Amino acid sequence: MRPIIRRLAALALLLPLGQPALANLPEGAKAPTFATKGAKAGKPFGFNLATALRKGPVVLYFYPKAFTQGCTLEANAFAEATPQFAAAGATVIGMSADDLLTLQKFSTEACRDKFAVAMATPAIIKAYDVDLKREGVSTGLTTRTSYVIGQDGRVRFVHSNMDYRDHVRLTLAAVQGLRKKR
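Residues numbered from 1 in each chain as written. Predicted model: local features only at pLDDT ≥ 70, side-chain atom pairs only at ≥ 80, totals over all residues. Heavy atoms only, no water.

Draft legend 1. Up close: the environment of Ala-39. Assignment of secondary structure puts Ala-39 in strand β1 (residues 35-40). The spatial distance from the C-alpha of Ala-39 to the C-alpha of Thr-108 is 8.9 Å, given a sequence separation of 69 residues. In contact with Ala-39, not counting residues within four places along its chain, are Pro-44, Phe-45, Leu-100, Leu-103, Gln-104, Ser-107, Phe-115, Ala-116 and Val-117. (Helix = DSSP H or I, 4+ residues; strand = E, 2+ residues; numbered from the N terminus. Contact = heavy atoms within 4.5 Å.)

Here it is as C-alpha cells:
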C-alpha cells in the first residue's frame, strides 16, 4: 500500500494547483558546464555539456518525472521533432532527477530511441535553478524548463512553464533562429 501512496503523492506534486514560482538562468548567462550519466535507446552513456557544445547548440530540457503524463507527452513531442532539431544542428537532452534505470527505460519508451535523457544531480538542479518547490520546500523534482544553449556556451533562450505543450515549438524556433544568425 505504501508504494501506491508515494506514487499518488508524487503525481499530486505535478498537478498545476497554482504555478510554483519558476526561476531560471537569464538569457545571455554562461551555462554551467557539467558531466552526468544518461541513456539513449536504453543504453547508458556519459554526457558532458562542454563536449556536446563542440558539435552545435544544445537544447537542455528539464522535466519533473519520467512516465508521468505531461513528461511522457513532452518526450513524445521532442522525439517527433528530432529530425528538425538535427537539421538545425542541435542536440536535445532531457534532464530529470530520475535514476539511471528509469532513464534507460524512458529513453526507449517515451523518447522512442530518438534522443538522450540524463540524470539531473542536485548540483545540476541548483546550477540551472530548476528545483521544483512547493511552499518553499524542495520536492526532489525539477521544474519544466527548457534552455537553448548556443555553441558559445551562453543561454540563448529559456522557457519555464509546467505546461509541456510549448517547449518543443519554442525551443525549435530558437535553435532555428541561431542557425539564421550564423
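That was the structure; now back to the text.
Draft legend 2. Seen up close, the packing of aromatic side chains. Enumeration according to the criterion identifies twelve aromatic pairs in this entry. For the ring pair Tyr-128 and Tyr-147, a centre distance of 5.4 Å and an interplane angle of 65 degrees mean the geometry is edge-to-face. In this pair, Tyr-128 is assigned in the loop between α5 (122-127) and β6 (131-134) and Tyr-147 in strand β8 (residues 145-149), connecting sequence segments 19 residues apart. A residue is classified by how much of its surface remains accessible, and Tyr-128, at 1% relative accessible area, is buried. On the basis of relative accessibility, which here comes to 0%, the residue Tyr-147 falls in the buried class. Between Lys-105 and the ring centre of Phe-67, over which it is positioned, the NZ or CZ distance is 5.7 Å. (Phe/Tyr/Trp six-rings, centres within 6.5 Å; stacked < 30°, edge-to-face > 60°. Buried < 20%, exposed > 50% of the residue type's maximum accessible area, 1.4 Å probe, protein only. Lys NZ or Arg CZ within 6 Å of the ring centre and 35° of its normal.)

Draft legend 3. Layout of the pattern of salt bridges. All told, the structure shown has six salt bridges when counted by the stated rule. The salt bridge involving Asp-152 is made with Arg-156; its shortest N-O contact spans 2.1 Å. Across the salt bridge formed by Arg-165 and Asp-163, the nearest N and O atoms sit 2.5 Å from each other. The class of Asp-163 is partly exposed, set by a relative accessible area of 28%. (Salt bridge = Lys/Arg side-chain N within 4 Å of Asp/Glu carboxyl O.)

Draft legend 4. Region of the structure containing the nonpolar core. One finds Tyr-63, Phe-78, Phe-85, Phe-106 and Phe-115 to be the most contacted residues of the largest nonpolar core, which totals 26 residues. At the level of secondary structure, the elements contributing two or more residues to this core comprise β3 (58-62), α3 (69-87), α4 (100-109) and α6 (167-181). Per element, the largest residue contribution to this core is six residues, and it comes from α3. Excluding anything up to four places from it in sequence, Phe-78 contacts Val-59, Tyr-61, Phe-85, Val-92, Phe-115, His-167, Val-168 and Thr-171. The next biggest cluster of nonpolar side chains, apart from the first, holds 23 residues, and it includes Leu-60, Ala-118, Ala-120 and Val-155. (Core = buried A, V, L, I, M, F, W, Y, C linked by side-chain atoms within 4.5 Å.)

Draft legend 5. Structural context of the sheet that holds β1. Strand order across the open sheet formed by seven strands is β2-β1-β5-β4-β3-β8-β9, with mixed pairing between neighbours. The open sheet has two edge strands, β2 (43-48) and β9 (155-160), and neither has a second partner. Pairwise comparison of adjacent strand axes, ignoring direction, gives a mean angle of 25 degrees for this sheet. Here four bridges tie strand β4 (residues 91-96) to strand β5 (residues 116-119), and the two strands are oriented parallel to one another. Bridge assignment links Ser-96 to a residue of β5, and that residue is Met-119. Packed on one face of the sheet, α6 meets β3, β8 and β9 and runs near 10 degrees to β8. (Pairing = 2+ DSSP bridges. Axes fitted to C-alpha atoms, helices over the stretch in contact; angles between N-to-C directions.)

Function-wise, these values are silent; they only describe arrangement.
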